[in-house]
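Given next are the chains, with one letter for each unit.
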Amino acid sequence: MSEERLFVRETGPERAVADLAEPVLNELGFRLVRVKISGRDGGTVQIMAERPSGEMSVDDCATISRRLSPVLEAYDPMPGTYRLEVSSPGIDRPLVRPSDFANCAGHEAKVELKELVDGRKRFKGAIEDVTDEEVLLKIELEGKAEPVIIGLPFPLISEAKLVVNLDGFRTDLSGDKPVH
């Protein structure tokens, strides 16, 4: 499986879990989207994964869980007890690779940067295009009559995710294309 670079990477205990999970996921034909550790329900380790095509079934989640559980138990990357939760990215998916943005072109995304650009860190807009180095978002700017397209370099992105648009989601599910 070709490995596309992630521009958002876990740190600390989440990184340790990701380092153990990625080889197992790759071997099974999946790719890691995100690892999240929380104190919820006495401790939860959430592994978000998908096939390169973006698909993920309940059976896929069960297969991944069965293969990851013994690896996590053997290497014990977290103190105490925890519950392993394997899931798909969902409709408000995190965007962690350039291809995530490319596959979601036309949809709205929220992007948070590691540092200020033009006096701000948070941007929300429609994904217009993706280059090797940046995502182009069409955003509304105060004082501008028309939306503008800005480039946000991948190395500056700390977090990004799709914005849920239920009408667009229903259209995608129905296979109908909007009339322009």
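Keep in mind it's a predicted model, so treat the numbers as computed, not measured. (Residues numbered from 1 in each chain as written. Predicted model: local features only at pLDDT ≥ 70, side-chain atom pairs only at ≥ 80, totals over all residues. Heavy atoms only, no water.)

### Focus: the sheet that holds strand β8 (residues 157-162)
- If you trace the five strands from one edge of the open sheet to the other, you get β7-β6-β5-β4-β8, paired in antiparallel fashion. Looking along the sheet, the strands with just one partner apiece sit at the ends: β7 (148-153) and β8. The sheet shows a mean angle of 40 degrees between the axes of neighbouring strands, direction not considered.
- Where strand β6 (residues 134-139) and β7 come together, six bridges link them in antiparallel fashion. Among the inter-strand pairings, L136 is bridged to a residue of β7, identified as G151. (Pairing = 2+ DSSP bridges. Helix = DSSP H or I, 4+ residues; strand = E, 2+ residues; numbered from the N terminus. Axes fitted to C-alpha atoms, helices over the stretch in contact; angles between N-to-C directions.)

### With respect to the layout of surface pockets
- For the second largest pocket, the calculated volume is near 430 Å³.
- Lining the second largest pocket are 20 residues, and of these V8, R34, V35, K36 and E159 sit closest to its centre.
- For the lining of the second largest pocket, the secondary-structure elements that each account for two or more residues are β1 (31-38) and β8.
- Class assignment of the residues belonging to the lining of the second largest pocket gives a composition of 10 nonpolar, two polar and eight charged. (1 Å grid on protein atoms, 1.4 Å probe; cavity = no way out; pocket = protein on both sides within 12 Å on 5 of 7 lines; lining within 4 Å. Points joined across faces, edges and corners; volume = space filled by probe spheres on them. Nonpolar A, V, L, I, M, F, W, Y, C, P; charged D, E, K, R; others polar.)

### Overview of the pairing of strand β5 (residues 120-130)
- Looking at chain direction, strand β4 (residues 108-117) and β5 are connected through six bridges and run antiparallel. From the neighbouring strand, V111 faces β5, where its bridge partner is F123.
- Following β4, the chain reverses through two residues before pairing antiparallel with β5; D118 in that reversal takes a positive phi of roughly 50 degrees.
- What sits between β5 and β6 in their antiparallel hairpin is a turn of three residues.

### Some remarks on a positive patch on the surface
- Taken together, the side chains of K36, K110, K124 and K161 make up a positively charged region of the molecular surface.
- Tracing the chain through its elements places K124 in strand β5. (Patch = residues over 30% accessible without salt bridge, like charges linked within 9 Å, V, L, I, M, F, W, Y side chains within 5 Å. Areas by Shrake-Rupley, 256 points an atom, 1.4 Å probe, with all protein chains shown as cover. Salt bridge = Lys/Arg side-chain N within 4 Å of Asp/Glu carboxyl O. Lys, Arg positive; Asp, Glu negative; His and termini not counted. Charge placed at Lys NZ, Arg CZ, Asp CG, Glu CD.)

### What to know about the sheet that holds β1
- Here three strands make up an open sheet; going across it, the order is β1-β2-β3 and the pairing mixed. In this open sheet, the two edge strands, each paired with only one partner strand, are β1 and β3 (83-87). Taking the axes of each pair of neighbouring strands and ignoring which way they run, one obtains an average angle of 20 degrees across the sheet.
- Summarising the sheet, strand β2 (residues 44-50) and β3 pair through five bridges and their orientation is parallel. Bridge pairing links V45 to L84 in β3.

### A closer look at the environment of F30
- Mapped onto the elements, F30 comes out in the loop between α1 (12-28) and β1.
- Residues F30 and V111, 81 residues apart in the sequence, show an inter-C-alpha distance of 25 Å.

### Quick notes on the pattern of salt bridges
- Taken as a whole and judged by the stated rule, the model has 13 salt bridges.
- The partner of R67 in a salt bridge is E27, with the nearest N and O atoms 2.3 Å apart. With a gap of 40 residues between them, R67 in helix α2 (residues 58-75) and E27 in helix α1 connect regions that are remote in the sequence.
- On the basis of relative accessibility, which here comes to 34%, the residue R67 falls in the partly exposed class.
- Judged by relative accessible area, which is 59%, E27 ranks as exposed.
- Notably, a salt bridge pairs D100 with R93, separated by 3.4 Å at the nearest N-O pair. Each of the two residues, D100 as well as R93, counts as buried.
- The network of salt bridges with common partners includes R9, E10, R15, D19 and E22. (Buried < 20%, exposed > 50% of the residue type's maximum accessible area, 1.4 Å probe, protein only.)

### Section: the nonpolar core
- Counting 21 residues, the largest nonpolar core has L25, I47 and I64 as its most contacted members.
- Counting residues per element, the ones that place at least two in this core are α1, β1, β2, α2 and β3.
- Of all the elements, α1 adds the most residues to this core, at seven residues.
- Contact partners of L25, with chain neighbours within four places excluded, come to F30, R31, L32, I47, A49 and I64.
- In terms of nonpolar packing, the next biggest core, distinct from the first, is built from 19 residues, C104, V135, L137 and L156 among them. (Core = buried A, V, L, I, M, F, W, Y, C linked by side-chain atoms within 4.5 Å. Contact = heavy atoms within 4.5 Å.)

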